Amino acid sequence: MELTTDQMVALDRLAEVLFERRSGVAFTGAGISTESGIPDYRGPNGRWKLKTPPDFRSFLTDPERRLSHWRRRQERYLEMATKEPNAGHYALARLQQLGFIQEIITQNIDGLHQKAGSDPATVIELHGSVHHVRCLDCGRLFDAEPFDREFDGEEPNCPVCGGMVKESTISFGQSLVADDLRASLALARSTDVLVVVGSSLTVNPAAKIPREAARIGAVLAIINNESTPLDVKAQILAHAPAGAALTYLADALDP
């Protein structure tokens, strides 16, 4: 998709800022993954418009709901695992390799940033990942593949402490992992530039992260198809598709 003149002017400005400061953090939402065939959650045809979102309290209190969670995962994960990164993911990984983006904070659970080449150590998955399982008792994180392979219709348990385990994705009513939120807020307070990509910025506490960066004085840039509640605080604003915008940005900064 070709960008408009206004979009390119905004992205050129962002390229100048990143070139000058070389200390950027990206904050990504569902809009960067829609081009990979993964629907968003709150758009006109979003997932939560079509089905009831999972509820954490029900998972904790209802054994049948837990079994349903694991049965649904068998189908959902197989589909998710086939998804591939798109131009936006690859461009963001390139911006990291060039040294202009240091870390990625993502609301996405698909693992496509890592699949595109971003170092997992530089990606904070605020809402968890379909590729991991977490023990709700001891907090340990495990690769999900063995749990999927061994699921036989009975609820699995933590192999270390025997506690209740769940896909590491954050359900409605479930708190974010405290260390992840703490680390994300610390990045927001220390970065010179925070680049929001494909997020509606309506989900808290995640939306507090770019708000905090703007409060501290970082340059806030927003790349999103639709307007967001933080547009008024953004110094750079490009209402544009993530793939085309990030590719243009990476090309502008790649010598």
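Overview of the structure. Source: prediction; values computed, not measured. (Residues numbered from 1 in each chain as written. Predicted model: local features only at pLDDT ≥ 70, side-chain atom pairs only at ≥ 80, totals over all residues. Heavy atoms only, no water.)

Brief notes about the pattern of salt bridges
Part 1 of the reasoning: As enumerated under the stated definition, the model contains 14 salt bridges in all.
Part 2 of the reasoning: With its nearest N and O atoms 2.8 Å apart, the salt bridge here joins R94 to D251. With R94 in helix α5 (residues 87-97) and D251 in helix α10 (residues 242-253), the pair connects residues that are 157 residues apart, well separated along the chain.
Part 3 of the reasoning: Of the residues examined, R94 reaches a relative accessible area of 22% and is grouped as partly exposed. (Salt bridge = Lys/Arg side-chain N within 4 Å of Asp/Glu carboxyl O. Helix = DSSP H or I, 4+ residues; strand = E, 2+ residues; numbered from the N terminus. Buried < 20%, exposed > 50% of the residue type's maximum accessible area, 1.4 Å probe, protein only.)

Points about helix α9 (residues 208-216)
Part 1 of the reasoning: Every buried residue of α9 is listed here: I209, P210, E212 and A213. Along the axis of α9, the buried residues cluster in a sector spanning 155°; they form a single face.
Part 2 of the reasoning: Turning to α9, the residues buried within the fold contact β1 (24-28), β2 (101-106), α8 (178-190), β7 (193-197) and β8 (219-223).
Part 3 of the reasoning: G217 occupies a position one or two residues after α9 and carries a positive phi of about 115°. (Arc of directions from axis to C-beta. Contact = heavy atoms within 4.5 Å.)

Some remarks on the packing of aromatic side chains
Part 1 of the reasoning: Evaluation of the coordinates by the stated rule reveals 4 aromatic pairs.
Part 2 of the reasoning: Measuring from ring centre to ring centre gives 6.4 Å for W70 and F147, while their planes differ by 20°; the resulting arrangement is stacked. Highlighted residues: W70 in helix α4 (residues 63-81) and F147 in helix α7 (residues 145-150), separated in sequence by 77 residues. Across the pair, F147 and W70 agree in class, each one buried. (Phe/Tyr/Trp six-rings, centres within 6.5 Å; stacked < 30°, edge-to-face > 60°.)

A look at the pairing of β2
Part 1 of the reasoning: Sheet analysis places β1 next to β2, joined by 5 bridges and oriented parallel. Within the sheet, the bridge partner assigned to A26 lies in β2 and is I104.
Part 2 of the reasoning: Pairing of β2 with strand β3 (residues 123-125), which is carried by 3 bridges, proceeds in the parallel orientation. Each residue of the ladder has a partner; that of T106, found in β3, is E125. (Pairing = 2+ DSSP bridges.)

Details of the side chain of S36
Part 1 of the reasoning: When you line up the elements, S36 lands in the loop between β1 and α2 (47-50).
Part 2 of the reasoning: Look at S36 and you get buried, because its relative accessible area is 13%.
Part 3 of the reasoning: When near neighbours in sequence (up to four residues on either side) are disregarded, S36 contacts K83, E84, P85, N86, H89 and L112.

Notes on the sheet that holds strand β4 (residues 132-135)
Part 1 of the reasoning: Spatially, 3 strands are ordered β5-β4-β6 in an open sheet, and the strand pairing comes out antiparallel. A single partner strand is all that each edge strand has here, and the edge strands are β5 (141-143) and β6 (165-167). For this sheet the average axis-to-axis angle between neighbouring strands, irrespective of direction, equals 30°.
Part 2 of the reasoning: Pairing of β4 with β6, which is carried by 3 bridges, proceeds in the antiparallel orientation. Note that in β6 the partner of R134 across the bridge is K166.
Part 3 of the reasoning: Strands β4 and β6 of the sheet are contacted by α4, whose axis makes an angle of about 35° with β6. (Axes fitted to C-alpha atoms, helices over the stretch in contact; angles between N-to-C directions.)

It is worth stressing that arrangement in space is one thing and function is another; only the former is reported here.
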